[in-house]
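# Fold and geometry: a report
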Amino acid sequence: MLLNINKLNKTFGDLHVLKDINLTVNEGEFVAILGPSGSGKSTLFQLIGGNQIPDQGEIFLNDELINGKKGFISYMPQQPSLFPWRTVLENVVLAAELKGKPNYEEAKQWLAKVGLADFENSYPIELSGGMKQRVSFIRALLSKQNLLCLDEPFSALDEFTRLKMQKWLLSVWEENRKSILFITHSIEEAIFLADRIYILSKRPAEIKAEIKVPFSRPRDERLLESSEFFTLKQEIFQYIREEITE
Amino acid sequence: MRTFWQRGGKSFLFLLFLFILWEVLVRLTETPKWLLPAPSDVLKEATVGFDTFSGHIFPTISLALIGLVIGSSVGLIIAIILYRLPKVNELFYPLLILSQNIPTIVLAPLLIIWFGFGMLPKLIVISLVCFFPIVVASMDGFRQTAPELKHYMQMVGASRRQIFWKLEFPHSLPSIFSGLKIAATYSVMGAVISEWLGAKAGVGVYMTLAQSSFRIDRVFLAIFFIMLLSVILFGVIRLIEKLLVKGRNEGA
Ligand SMILES: Nc1ncnc2c1ncn2[C@@H]1O[C@H](COP(=O)(O)OP(=O)(O)OP(=O)(O)O)[C@@H](O)[C@H]1O
Ligand SMILES: [Mg+2]
């Protein structure tokens, strides 16, 4: 087990955000976290990233307690958060640079692989939204941590670009099989991408359900039209409906 | 670049218009030259009397430049120290602001008593007027770092030192350059004023001499020169900024 979170609780003042969260991610597994806006999904990442300290509970990465410890995860934020004064190449090595000398050759290979070879020396201002997210993802990949945490990476993109980026992410991931923890509030996105889905309740967020996604890999967009996909979507929607009624 | 010329061109034409107006008014009203010379008189003095003036140019330029470099470097270092050490900031920032209520000009005679008529007291005056805009502009720049970028750096485990040098400092370059542009104009002014108080050569000295002999045309020549010098300095800094600040929206 790569990541093991045990009875995690977090409050901000009077605001109880996370309640008794238990969660695991296995080696090479793609896990999605699905929850309503404001439920505390990003807060969970802040805790895993060591940027916030939990009130109770433990976070283990490779059996090591990492409560409040920084620098153990690769991270891709909701906004691309590229540095405007760095070129694409300089941007993708940023996270690696914090740990030592970055490998520029590998960075260039990755950029070529995702179709950004011609943009190595461009500045972020010259890129489209989808391209920026690809750069941001490569930056996370190159930082070489075992766990990749993606916080709603595609939610700011339009529908067309989003589907393209989801397929792109799957294709890159097939080759690489890094463990991924992926936050989203789109049911379809969670099913399409993940091996397992945790559904969070509204605040204070508890794990409402854990769902195994049975579809084989590699997946493509035909899956999105299949009846099995639709049935699973319905099932998940039941849980979410309970959260929005009440 | 073209829009720059369009805009600059308009200002230039307007300036030309003002000069012509000035010329015409002086001629129509037959204002005596010792009261207000026409632009053409100043221009004539610039060519005929250039030998008298030329010896004063270099000392002022070098004084302003050295003062600007010292003042800005000190300002930047102070800003970095204050920003990175909040405790020191609490103690010194109010004092720093208070110190700006003392007009530097009144310090000048004191400095001359202490340090004589050489370069040193003048450089101190110029540095004093230059460093403050740099401190304020840099501190503002550091503070206004985009929060999502800072959050990203914290999440991937950057140290405070890395966050400052890789993010906050480069992020604040445009701000620092705005401070530098203000400081540059101040430095020319500071150089001339400090020369008024006593120097062997310099535009300030030339001005005092011209004034005491009622050569108003020479006073105006000096004023035009000071303006020109400020504009050139401003332009050079703008150029360096363009070379250093990359990938951002072009400001005005
Ligand atoms: N540092 C903080 N201090 C105080 N309150 C916070 C802090 N961080 C988050 N919160 C609060 O915790 C709650 C959960 O926030 P969080 O960002 O984790 O939600 P989220 O599930 O990621 O939402 P979204 O889907 O909109 O991104 C919010 O009400 C937020 O205001
Ligand atoms: Mg969030």
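The rules behind each value
Residues numbered from 1 in each chain as written. Chains lettered and ligands numbered in written order. Predicted model: local features only at pLDDT ≥ 70, side-chain atom pairs only at ≥ 80, totals over all residues. Heavy atoms only, no water. Domains from an automatic or database assignment. UniProt positions renumbered as here; feature names shortened; annotations may be inferred. Helix = DSSP H or I, 4+ residues; strand = E, 2+ residues; numbered from the N terminus. Expected span 1.5 Å × (residues − 1). Buried < 20%, exposed > 50% of the residue type's maximum accessible area, 1.4 Å probe, protein only. Arc of directions from axis to C-beta. Axes fitted to C-alpha atoms, helices over the stretch in contact; angles between N-to-C directions. Parallel < 35°, antiparallel > 145°, perpendicular 65-115°, else oblique. Left-handed = near helix turned anticlockwise from the far one by under 90°. Contact = heavy atoms within 4.5 Å. Nonpolar A, V, L, I, M, F, W, Y, C, P; charged D, E, K, R; others polar. Pairing = 2+ DSSP bridges. Salt bridge = Lys/Arg side-chain N within 4 Å of Asp/Glu carboxyl O.

### Topic: the domain arrangement of chain B
When cut into domains, chain B gives domain 1 (1-30) and domain 2 (41-251). Taking the mean C-alpha position of each, domain 1 of chain B and domain 2 of chain B sit 28 Å from one another.

### Quick look at the UniProt feature "transmembrane region" (unreviewed entry) in chain B
Residues and elements named next belong to chain B. Taken from the UniProt record, the annotation "transmembrane region" (unreviewed entry) applies to residues 12-29, 57-83, 95-117, 123-142, 176-199 and 219-240. Between the first and last C-alpha atoms of residues 12-29 the distance is 26 Å; the span itself is 100% helix and 0% strand. Overall, residues 95-117 shows 74% helix and 0% strand. The separation of its end C-alpha atoms is 29 Å.

### A word on helix α6 (residues 104-115) of chain B
Residues and elements named next belong to chain B. For α6, with 12 residues, the first-to-last C-alpha span of 16 Å sits near the 16 Å given by 1.5 Å per residue. Residues T104, A108, L111 and I112 constitute the buried set of α6. End-on view of α6: buried residues confined to an arc of 100 degrees, all on one side of the axis. When the buried face of α6 is taken as reference, the exposed residues oriented beyond 90 degrees from it are I113 and W114.

### Overview of the packing of helix α4 (residues 57-84) of chain B against helix α10 (residues 173-196) of chain B
Residues and elements named next belong to chain B. Put simply, α4 and α10 touch, their axes get as near as 8 Å, and they point 135 degrees apart. One element, α4, and the other, α10, form an angle in the oblique class. Of the two possible hands of crossing, α4 and α10 adopt the one that is right-handed. Contact residues: P59, T60, L63, A64, L68, S72 and L76 in α4; I176, L180, A183, A184, S187, V188, A191, V192, S194 and E195 in α10. Split by residue class, the contact of α4 with α10 holds 12 nonpolar, four polar and one charged.

### Some details on the UniProt feature "domain: ABC transmembrane type-1" (unreviewed entry) in chain B
Following the UniProt record, the feature "domain: ABC transmembrane type-1" (unreviewed entry) maps to residues 57-238 of chain B here. For residues 57-238 of chain B, the helix share is 86%, the strand share is 0%, and the end-to-end C-alpha distance is 23 Å.

### As for the sheet that holds strand β5 (residues 64-65) of chain A
Within a beta sheet, neighbouring strands are joined by backbone hydrogen bonds and run either parallel or antiparallel to one another. All names here are of chain A. The strand order across the open sheet built from four strands is β2-β1-β4-β5, with neighbouring strands paired in antiparallel fashion. Of all the strands in the sheet, just β2 (15-25) and β5 have a single pairing partner and so form its edges. One ladder, built from five bridges, connects strand β1 (residues 3-12) with strand β4 (residues 56-61); its direction is antiparallel. If you follow I5 over to β4, its bridge partner there is I59. Contacts from helix α1 (residues 41-48) reach β1, β2 and β4 within the one sheet, and its direction differs from that of β1 by about 115 degrees.

### A few points about the pattern of salt bridges
Summed over all chains, the structure comprises 23 salt bridges over all chains. Between E64 of chain A and K69 of chain A there is a salt bridge, with the nearest N and O atoms lying 3.8 Å from each other. For E64 of chain A, a relative accessible area of 37% puts it in the partly exposed group. We classify K69 of chain A as partly exposed; its relative accessible area is 36%. We note a salt bridge from K150 of chain B to E168 of chain B, for which the minimum N-O separation is 3.2 Å. Of the two residues, K150 of chain B is situated in helix α8 (residues 147-155) and E168 of chain B in helix α9 (residues 160-171); the sequence distance between them amounts to 18 residues. When its relative accessible area of 4% is taken as the criterion, E168 of chain B is described as buried.

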